[in-house]
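A look at the structure
Listed below, chain by chain, are the residues.
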Amino acid sequence: MTELRSAAQEAAEDLFFGQVVIIWARWFVIISGVIVVLWSSNNTSELTTAVLMVVPLIAINFFVHGRYLMERPINQNLLLGLSLVDIIVITIIVLFWQEPNGYLSPYYIFYYPFLLAVAFVFPVRVSVPYTLLILILYSVACLVTDSSLVADPYQLEGLIIRLITMATVGGLGAFYWRIQRGRRRAAAGHGMKAPASS
Amino acid sequence: MSHTFIEDTSQTERVKKATPDKPLLPEWMKETKEAASSSDLIYGQPVIVAMRWILVASGLLLILWNPDSLSVMRVQILVILLLALANFYLHAQLLMKRPVIDEVVYVSSAVDLILVTVLILIGNGFESRLLVYYFPAIVSFSVVFPTVLTGTYVGSTIAVYGLIGLISGGDPMIILTRLLIIAAVGTCGNLYLRIERSRRKEARESQEHLMVQIRERQASTAQ
């Protein structure tokens, strides 16, 4: 029988309905970022630089959220591009925003909401590489800042704990996404034969 | 010819038990508002079990890799093994397709949070590196539990961790940032649960509408 909903349509719906999760994840990180910036800046030039980094994120999220509210959500490529911008900004924060940087920076936790939100919205073939990219970016950021980390068992253990939990959050998100897709398909009657006239 | 429905998930039978009767649709498609939470639990339980196995495996790995004193190590291994035992029970229920009592799932997730909190307390509170274990624990129940319960669990975690952070002399700004991210993870998980519930409801309604139309057409053709 002909399926009522194509895979492409299903993916588009995933994006349409799910992108609000990414939007809210970004709002939470923006709020946290604004608090950090306002609280921890020591002088006006530092605050100016930090605000210049946060304002584009706010502008992006206003644009994306506005489009969503108008029921004209952005397309997959743009959404993925913006999700990449998010993790690049967080990596920059981990690398450069005030000392301590790298492994000792407390801002690595900003990665978690994005890991989860992207795993909920994109198919596994996108969300798994995204998770891996975050793990690589964060590991590189830690090692670039302090390569002696490898020789310190305590810090290395700490880094591995973080990487395991990041991978777990991304993995659980993708796992749940698959479960939900199965449930949705079942509810929509996929794999069901239409009644035929007797 | 009779209607044939292909059920392709092993959990379908268990969902049947959680859903009351309704005309027109096959049983596995029925999901009333009251039963929604229960079936969310059934389908979401593998996420909780998987999270807990990862917690057990990584915990064991870290204990063996960088052991503390013998007495501390004994306690840590005992806790990990008890957690593994409890998770084995829940996993076995899943494998045998037996419905687990909702309250057991709720309590076991609360125990996960308490366990992480205790480990954080032992590990110098604010300075503990185990804060990150909150995230998978929160993800696993936020995509399964009803909003009120998720809110209660996340709210309690925020309150307790905030208190621990302040008492152990942590930087209030960093504590606040951590609390916001804990809230973000819980919110994203539950938001997704609600979105998916609403999508399934729409899919079911259109399916039901379609079935009515097909049967009406069949009835008129037969006449």
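Residues numbered from 1 in each chain as written. Chains lettered and ligands numbered in written order. Predicted model: local features only at pLDDT ≥ 70, side-chain atom pairs only at ≥ 80, totals over all residues.

**Examining helix H3 (residues 70–95) of chain B**
When the terminal C-alpha atoms of H3(B) are compared, their 36 Å separation across 26 residues agrees well with the 38 Å that a helix rising 1.5 Å per residue should span. Once H3(B) ends, the next one or two residues include Lys97(B), with phi positive near 55°. (Helix = DSSP H or I, 4+ residues; strand = E, 2+ residues; numbered from the N terminus. Expected span 1.5 Å × (residues − 1).)

**Topic: the confidence of the model for chain A**
Mean pLDDT over chain A stands at 84; residues scoring 70 or higher make up 91%. Predicted confidence for residues 192–198 of chain A stays below pLDDT 50, and this span has 14 contacts to residues more than four positions away or in other chains. (pLDDT = per-residue confidence, 0-100. Contact = placed C-beta atoms within 7 Å.)

**Describing the interface of chain B and chain A**
Often, the extent of an interface is quoted as the loss of accessible area on bringing the components together. Contacts between the two partners involve 53 residues from chain B, matched on the other side by 52 residues from chain A. Mapped by element, the contributors of at least two residues to the side of chain B that touches chain A are helix H2 (33–65), helix H5 (134–142) and helix H7 (172–222) of chain B. Residue contributions to the side of chain B that touches chain A peak at 26 residues, all from H7(B). Tallied by class, residues from the side of chain B that touches chain A come to 33 nonpolar, twelve polar and eight charged. (Nonpolar A, V, L, I, M, F, W, Y, C, P; charged D, E, K, R; others polar.)

**What to know about the environment of Val56(B)**
Residue and element names in this part refer to chain B. Structurally, Val 56 can be placed in helix H2. On the basis of neighbour count, Val 56 is assigned to the buried category, with 20 C-beta atoms found within 10 Å. Taking the C-alpha atoms as reference points, Val 56 and Leu 83, separated by 27 residues in sequence, lie 7.1 Å from one another. Filtering out sequence-adjacent residues up to four positions away, Val 56 remains in contact with Ile 80, Leu 83, Ala 84 and Asn 87. (Buried ≥ 20, exposed ≤ 12 C-beta atoms within 10 Å, placed from the backbone.)

**What about the environment of Glu208(B)?**
Checked against the element boundaries, Glu208(B) lands in helix H7. In sequence terms Glu208(B) and Val185(B) are 23 residues apart; their C-alpha atoms lie 35 Å from each other.

**A short note on helix H3 (residues 76–96) of chain A**
Residue and element names in this part refer to chain A. Helix length check: H3, at 21 residues, gives a terminal C-alpha distance of 30 Å against a target of 30 Å (1.5 Å per residue), a fit within 8%. Within H3 the residues assigned to the buried category are Leu 79, Ser 83, Asp 86, Ile 90, Ile 93 and Val 94. For H3, the arc enclosing every buried residue in end-on projection is 100°, short of the 170-degree limit, so these residues lie on one face. Relative to its buried face, H3 has exposed residues pointing more than 90 degrees away, namely Asn 77, Gly 81, Ile 88 and Ile 92. Directly beyond the C-terminal end of H3, a positive phi value near 50° is found at Gln 98. (Arc of directions from axis to C-beta.)

**Section: the packing of helix H6 (residues 153–187) of chain A against H7(B)**
Here H6(A) crosses H7(B) at 20°, and the two axes come no closer than 8 Å. Accordingly, the angle class assigned to the pair H6(A) and H7(B) is roughly parallel. Judged by the sense of rotation from one axis to the other, the crossing of H6(A) with H7(B) is right-handed. On the side of H6(A), the interface is formed by Gln180(A), Arg183(A), Arg184(A) and Ala187(A), while H7(B) contributes Glu196(B), Arg199(B), Arg200(B), Ala203(B), Arg204(B) and Gln207(B). A breakdown of the residues in the contact of H6(A) with H7(B) according to their chemical character gives two nonpolar, two polar and six charged. (Axes fitted to C-alpha atoms, helices over the stretch in contact; angles between N-to-C directions. Parallel < 35°, antiparallel > 145°, perpendicular 65-115°, else oblique. Left-handed = near helix turned anticlockwise from the far one by under 90°.)

**Comments concerning the packing of helix H4 (residues 102–122) of chain B against H5(B)**
Packed helices, taken two at a time, are described by the angle between their axes plus the distance between the axes. Residues and elements named next belong to chain B. Here H4 crosses H5 at 170°, and the two axes come no closer than 10 Å. One way to sum up the angle between H4 and H5 is to call them roughly antiparallel. Seen along the crossing, H4 lies across H5 with a hand that is left-handed. In this structure, H4 uses Ser 109, Asp 112, Leu 113 and Val 116 to contact H5, whose residues at the interface are Tyr 134, Ala 137 and Phe 141. Its residues assigned to classes, the contact of H4 with H5 comprises five nonpolar, one polar and one charged.

**Focus on unusual backbone geometry**
Phi is positive for Glu71(A), which is not a glycine, with a value near 60°. With respect to the secondary-structure elements, Glu71(A) resides in the loop between helix H2 (44–69) and H3.

**Digging into the confidence of the model for chain B**
Interpreting fine coordinate detail is not advised for predicted regions of low pLDDT. Residue and element names in this part refer to chain B. Looking at chain B as a whole, the pLDDT averages 79, with 83% of positions reaching at least 70. When the elements of chain B are averaged for pLDDT, helix H1 (residues 12–18) gives the smallest value, 48, and helix H6 (residues 147–167) the largest, 94. Across residues 1–12, confidence stays below pLDDT 50; counting only partners more than four residues off in sequence or on other chains, it has 17 contacts. Taken together, the stretch residues 14–34 has pLDDT below 50 and engages in 40 contacts with residues farther than four places along the chain or on a different chain. For this predicted complex, the interface confidence score (ipTM) comes to 0.85, while the overall pTM stands at 0.81.

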